[in-house]
Amino acid sequence: MPEMTFRIWRGDSSGGAFAEYRTEVTEGMVVLDAVHAIQAEQAPDLAVRWNCKAGKCGSCSAEVNGRPKLMCMSRCGDLPPGETVTIEPMKAFPLLRDLTTDVSSNFRAKMAVKPFKPRPPDAPDGTWRMDQADIDRPQEFRKCIECFLCQDVCHVLRNHEKHDSFIGPRHFVYAAALEMHPLDTENRLADLKGEQGIGYCNITKCCTKVCPEHITITDNAIIPLKERVVDEFYDPVKKLFRIFRPGNARR
Amino acid sequence: MTRTDVPLPQHQGFGATSRRDAWWAQPLLVFLGLSAFVVYSTWAAFQGVEYHFSGRGANYLSPFYSPELFGDSPHAWFGPKPTWYPTWLPWSPALLILWAPAGFRFTCYYYRGAYYKAFWADPPNCAVGEPRSGYRGEHTFPLILQNIHRYFFYLALLFIVILSYDAWRGFWFADADGGERLGVRLGSIVLLVNVILLSGYTLGCHSLRHLVGGGLDRLSGRPVRKKTYDCVSCLNRGHMRWAWASLFWVGFTDFYVRMCAKGVFTDVSIIG
Ligand code: SF4
Ligand code: SF4
Ligand code: FES
Ligand code: FES
């Protein structure tokens, strides 16, 4: 059975280096399997996060040959044969150890988004009525598994470290799911424009490219939110209209 | 857990990446494609001649010169170059109007993302290190001005109407007896394809998508808006392809008319 060489980042916040491991790779194996094999056979102290091995828990995010990926969904057979495979932790978050990072900035960013605020129930039994056509858009966003690969690849976080002034693509997806929800009555546009920094996104679409759930982050969440921000803050004609047609124009 | 910033030491600086593919190829192609267009269209806009073709009764006008507000061709709306036009400014009918489609493309969400990468390396490509550490994005001046895109869209819509008329005129040919008859020549097709591609691009605009329904949370019970939103969304999914196809073809249309006017191309008759 063929062997493959893996170059894995080993280290913690005080420093580290790449270590090379060779392990047998069989048909259908994914990178996470290889990491587990290395952990079992050669490096019992190798830190790696995982849970479902099915691409659904979002735990095993890392960078395989420089590309942000779920290790459990990256087949070894799809990697260039005969070449060493580089596995690194995500770069946009503080390193804990080896392949694990501290993603808690994401939890803080999520808390900053105003929660769901539904209108009063439609029926006496306290339930609501929605049309599937209206919920299609938020449903795309609800596929998010919070793997944070989009946050990792986004240069605003990765290269410019604006974690405090930019909530990042995952949380724009979250905000969009709420903002476009047919029952929601909250207005998050001032936050998005202000402290959540949607203006920092320069729509380079790297987030969309890495999303394992194939959420069209930039086109379906971020740009529509940017357009709503324009409505509210940058479009004088729209403003004028609103004077004559008060109330929430979005419903 | 408190946040301690310890970036990995091996990934600093311009072009630093662990990617193994030719990540530079795509931004390079965008750079070359857009540069070629800017160079050609600027050159063509400054020519001020050979932008229309009337050989064998044709009515072709280069899209770079349409609408021709003032000018010497029969297509001019308000007659020749106005006397009040400053003498120190270079003159060409194209210079009066080209800022509108240029502004439309410049502020287009697709092109923005593409040229930020290709011309400004911000980032050079996904997961590749950047040359500068400071970053303001579209959060503050000057790039915050990109938010006027929808106004350029309104103008672009006007241009589509005008270019549709030009395409229609491209199917009419003057007779020897002073009348006009319908016909099809290669130029007619070139002008028609031009307006089709430009429409596909313009009608897939994100601002339009927002305007027709994206800005609403509920489209159920509004069948016309829902249908329109779905149509625009459908074009929007291919916005990048429309952007490139229409960019290439609008340049080619000018080139075709120009070459006919110069007498280099013979405008082949297809029907009539
Ligand atoms: S499109 Fe915006 S959010 Fe997504 S990676 Fe690019 S800058 Fe970040
Ligand atoms: S949007 Fe996609 S890439 Fe981002 S956290 Fe959710 S699933 Fe992961
Ligand atoms: S282990 Fe759950 S997504 Fe990979
Ligand atoms: S977004 Fe590309 S034309 Fe409006």
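Residues numbered from 1 in each chain as written. Chains lettered and ligands numbered in written order. Predicted model: local features only at pLDDT ≥ 70, side-chain atom pairs only at ≥ 80, totals over all residues.

(A) Examining the overall build of chain B more closely. Each helix and strand in chain B was counted, giving 9 helices and 6 strands. Each of the three principal axes of chain B carries a C-alpha extent, and together these read 85 × 55 × 40 Å. The burial tally for chain B puts 37% of its 272 residues in the buried class. Long-range pairs, those at least 24 residues apart, make up 70% of the contacts in chain B with a sequence separation of at least 6. (Helix = DSSP H or I, 4+ residues; strand = E, 2+ residues; numbered from the N terminus. Buried ≥ 20, exposed ≤ 12 C-beta atoms within 10 Å, placed from the backbone. Contact = placed C-beta atoms within 7 Å.)

(B) Structural view of the overall build of chain A. In terms of helices and strands, chain A carries 10 helices and 7 strands. A buried classification covers 48% of the 251 residues belonging to chain A. Considering only residue pairs separated by 6 or more positions, chain A has 61% of its internal contacts joining residues 24 or more positions apart.

(C) Geometry of the interface of chain A and chain B. Across the boundary between the two partners, chain A contributes 48 residues, which contact 42 residues of chain B. Within the residue set of the side of chain A that touches chain B, elements represented by two or more residues are β4 (67–70), β5 (85–88), α2 (104–112), α3 (132–141), α5 (155–158), α8 (206–210) and α9 (217–234) of chain A. Examining the composition of the side of chain A that touches chain B, we find that 8 residues originate from one element, α9(A), more than from any other.

(D) Spotlight on the site of ligand 1. Lining the immediate environment of ligand 1, one finds 13 residues, of which A:C154, A:P169, A:C201, A:C206 and A:C207 sit closest. Here the residues of the shell around ligand 1 are counted per class, giving 9 nonpolar, 3 polar and 1 charged. (Near = placed C-beta within 6 Å. Nonpolar A, V, L, I, M, F, W, Y, C, P; charged D, E, K, R; others polar.)

(E) Helix α4 (residues 109–118) of chain B, seen in detail. Most of α4(B) is tucked away, with 8 of its 10 residues classed as buried. Listed as buried for α4(B) are B:Y109, B:Y110, B:Y111, B:G113, B:A114, B:Y116, B:K117 and B:A118. Buried-residue contacts for α4(B) involve α9 of chain A together with α1 (25–47), α3 (99–107), α7 (206–214) and α9 (239–262) of chain B.

(F) How the structure looks around the site of ligand 2. Residue and element names in this part refer to chain A. Around ligand 2 sit 16 residues in total, of which C144, C147, C150, R170 and C211 are the nearest. Breaking the shell around ligand 2 down by element, the ones donating at least two residues are α4 (149–153) and α6 (169–179). If one sorts the elements of the shell around ligand 2 by residue count, α6 sits on top with 3 residues. Residue composition of the shell around ligand 2, by class: 13 nonpolar, no polar and 3 charged.

(G) Representation of α3(B) in the model. Those residues of α3(B) lying buried are B:P101, B:F104, B:R105 and B:T107. Buried residues along α3(B) sit against α4 and α5 (149–169) of chain B.

(H) Structural detail: the packing of α3(B) against α5(B). Residue and element names in this part refer to chain B. At a minimum axis distance of 9 Å, the contact between α3 and α5 shows a crossing angle of 135 degrees. Looking at the two axes, α3 sits oblique to α5. Pair α3 / α5 crosses with left-handed handedness. Residues A100, P101, G103, F104 and T107 of α3 pack against H149, F152, F153, L155, A156 and F159 of α5. (Axes fitted to C-alpha atoms, helices over the stretch in contact; angles between N-to-C directions. Parallel < 35°, antiparallel > 145°, perpendicular 65-115°, else oblique. Left-handed = near helix turned anticlockwise from the far one by under 90°.)

(I) Representation of the nonpolar core. Judged by nonpolar contacts, the single largest core of 112 residues is most densely connected at A:M71 and A:V173. Looking at which element gives the most residues to this core, the answer is α9(B), with 9 residues. If you count residues domain by domain, this core takes at least three from each of domain 1 (3–101) and domain 2 (104–244) of chain A. With residues up to four places along the chain from it excluded, the contact list for A:M71 reads A:V30, A:V31, A:L32, A:V35, A:C60, A:A62 and A:V64. (Core = buried A, V, L, I, M, F, W, Y, C linked by C-beta atoms within 7 Å. Domains from an automatic or database assignment.)

(J) Examining the domain arrangement of chain A more closely. Residue and element names in this part refer to chain A. By domain assignment, chain A separates into domain 1 (3–101) and domain 2 (104–244). Just the C-alpha atoms count here: the centres of domain 1 and domain 2 sit 31 Å apart. In this assembly, 12 residues from domain 1 lie in contact with 13 residues from domain 2.

(K) Summary view of unusual backbone geometry. A cis amide bond links B:S66 with the next residue in sequence, B:P67, at an omega value of 0 degrees. The backbone phi angle of A:I203 is positive, close to 50 degrees, even though this residue is not glycine. Positioned with a positive phi, B:A127 is a non-glycine residue whose angle comes to about 60 degrees. Inspection of the secondary structure assignment puts B:A127 in the loop between α4 and α5.

(L) Inspection of the pairing of β4(A) at higher detail. All names here are of chain A. Side chains of β4 alternate between two faces, with R67 and K69 and P68 and L70 buried alike. Strand direction decides the pairing type here: strand β3 (residues 61–64) and β4, joined by 4 bridges, are antiparallel. Paired with V64 across the strands is R67, a residue of β4. Counting the residues in the hairpin turn of β3 and β4 gives 2 residues, including N65, whose phi is positive at 50 degrees. (Pairing = 2+ DSSP bridges.)

(M) Spotlight on the environment of B:L155. Residues and elements named next belong to chain B. Take L155: it is sitting in helix α5. L155 gets classed as partly exposed once you count the C-beta atoms within 10 Å, which come to 14. For the pair L155 and F248, spaced 93 residues apart in sequence, the C-alpha to C-alpha distance is 20 Å. Residues in contact with L155, not counting those within four places in the same chain, are A100 and F104.

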